[in-house]
Amino acid sequence: MEFYLGLALGLALCIIVILIVKISLLTQSMREMAQGLAQKLQGQTNTLISVSSQDRAVRCLAASLNTQLRLLRQERWRFQQGDQMLKETITNISHDLRTPLTSIMGYLDLLRQEPLSEAGARYLSQITERTQSLKELTEELLQYSIITSVQEEAPQDLDLRSVLEESLVSFYAIMKQEKIIPSIQLPENPVICRLAPGALQRIFSNIISNALKYSDRDLSVHMTSEGLIQFSNLALGLDPIAVGRLFDRFYTVHSGTTASGLGLSIARLLTTRMQGSIRADYQDSRLTITVQFPVKKAN
């Protein structure tokens, strides 16, 4: 009796050991497939998922995943080709529109020098305004297609404070024309960040331009030593819903100003590309655009 009991216990122990080994091998195979799938989804490699297990069910699962990966690659390739063709089409159309629009603006300037009736002068002013809006939209479409198509600019160690100062100075004439006296608070010491210089200047330019576009004769710029910058201005013509969509492509606020709806969209694209953050807030009739970039730690 004891012999059979010992034999049964030994057999049960063997079965348990076999099951443990089997479960361990299956766990390893699942881990291999999970890691392989993650690598294939992140990369552009043409290799497929491979597993070391000889289990039939595991290999069938791997084959099914590989089939889906092939389909996903085909769809990804089609999307990339279509996206590239769309960007090239936008670039070509923007180039084609620039020449006739420049010519139209020239003829409008000549027409302005001719004697016109009061109604004719009013119509000419409206045509000029609409043509200028179309020209600005064409330029920003071109810039957007270029930014999303070309490779990223090489980052450099930049003084964030200095670049912001230069951007503000470049808008001095416009601020003076609009009778805006900005309130500017900058840190005393340089704030070093590793960023692309051209992209950073474009971000500041688009944000300041947007702030002046919707400003009711004021502008406040506050920067901290942690790389956080706030552009704030009174904007009575906005509301929280409109502010929530300011970063959407081609969204424009109907406030009587010319706008293409691409300036802040480009700013967000470039900011996130450089590991920064950007957001818009609206409180007490004030629009605040907040930008922050990672500051390089001093050795």
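Since the structure is predicted, the reported quantities are computational estimates derived from the model, not experimental observations.

Rules behind the numbers
- Residues numbered from 1 in each chain as written.
- Predicted model: local features only at pLDDT ≥ 70, side-chain atom pairs only at ≥ 80, totals over all residues.
- Heavy atoms only, no water.
- Pairing = 2+ DSSP bridges.
- Helix = DSSP H or I, 4+ residues; strand = E, 2+ residues; numbered from the N terminus.
- Axes fitted to C-alpha atoms, helices over the stretch in contact; angles between N-to-C directions.
- Contact = heavy atoms within 4.5 Å.
- Buried < 20%, exposed > 50% of the residue type's maximum accessible area, 1.4 Å probe, protein only.
- pLDDT = per-residue confidence, 0-100.
- Parallel < 35°, antiparallel > 145°, perpendicular 65-115°, else oblique.
- Left-handed = near helix turned anticlockwise from the far one by under 90°.
- Nonpolar A, V, L, I, M, F, W, Y, C, P; charged D, E, K, R; others polar.

Okay, the sheet that holds strand 2 (residues 183-185) next. To summarise the sheet geometry, strands pair through backbone hydrogen bonds and adopt either a parallel or an antiparallel arrangement. What the five strands build is an open sheet, ordered 2-4-5-7-6; its pairing is mixed. Strands at the two margins of the open sheet, each flanked by one partner only, are strand 2 and strand 6 (277-283). Neighbour-to-neighbour, the strand axes of this sheet turn through a mean angle of 10°, independent of strand direction. Along the sheet, helix 6 (residues 197-214) makes contact with strand 5 (228-234), strand 6 and strand 7 (286-292), crossing strand 5 at roughly 20°. Its contacts with the sheet put helix 8 (residues 263-273) on strand 6 and strand 7, and the angle it makes with strand 6 is roughly 140°.

It is worth spelling out the environment of V163 at this point. Position of V163 among the secondary structure elements: in helix 4 (residues 160-170). Residue V163 is classed as buried on the basis of its relative accessible area of 10%. For V163 and P197, which are 34 residues apart along the polypeptide, the C-alpha to C-alpha distance reads 8.3 Å. Setting aside residues no more than four positions away along its own chain, V163 makes contact with L200, Q201 and F204.

What follows deals with the confidence of the model for the chain. Mean pLDDT over the chain: 79, with 81% of residues reaching 70 or higher. Put simply, helix 1 (residues 2-42) is where the chain has its lowest mean pLDDT, 71, and strand 4 (residues 220-223) is where it has its highest, 94. A low-confidence stretch, residues 254-260 (pLDDT under 50), is modelled with 15 contacts involving residues beyond four sequence positions or located in other chains.

Before going further, it helps to examine the pairing of strand 7. A large share of strand 7 lies buried, amounting to five of its seven residues. Note: strand 5 against strand 7, seven bridges, orientation antiparallel. In the strand pairing of strand 7, L228 is matched with Q292. Bridging between strand 6 and strand 7 involves seven bridges; their strand directions are antiparallel. Pairing of R279 across the sheet is with T290, part of strand 7. The turn linking strand 6 back onto strand 7 is made up of two residues, and D284 within it adopts a positive phi angle of 55°.

Before going further, it helps to examine the packing of helix 4 against helix 6. Two numbers describe how helix 4 lies on helix 6: the axes approach to 10 Å, and their chain directions differ by 45°. Between helix 4 and helix 6, the angle is such that the two are oblique. For helix 4 against helix 6, the interelement crossing comes out right-handed. For the pair formed by helix 4 and helix 6, the contact residues are L160, V163, L164, E166, S167 and L168 on the first element and L200, Q201, F204 and I208 on the second. Class assignment of the residues belonging to the contact of helix 4 with helix 6 gives a composition of seven nonpolar, two polar and one charged.

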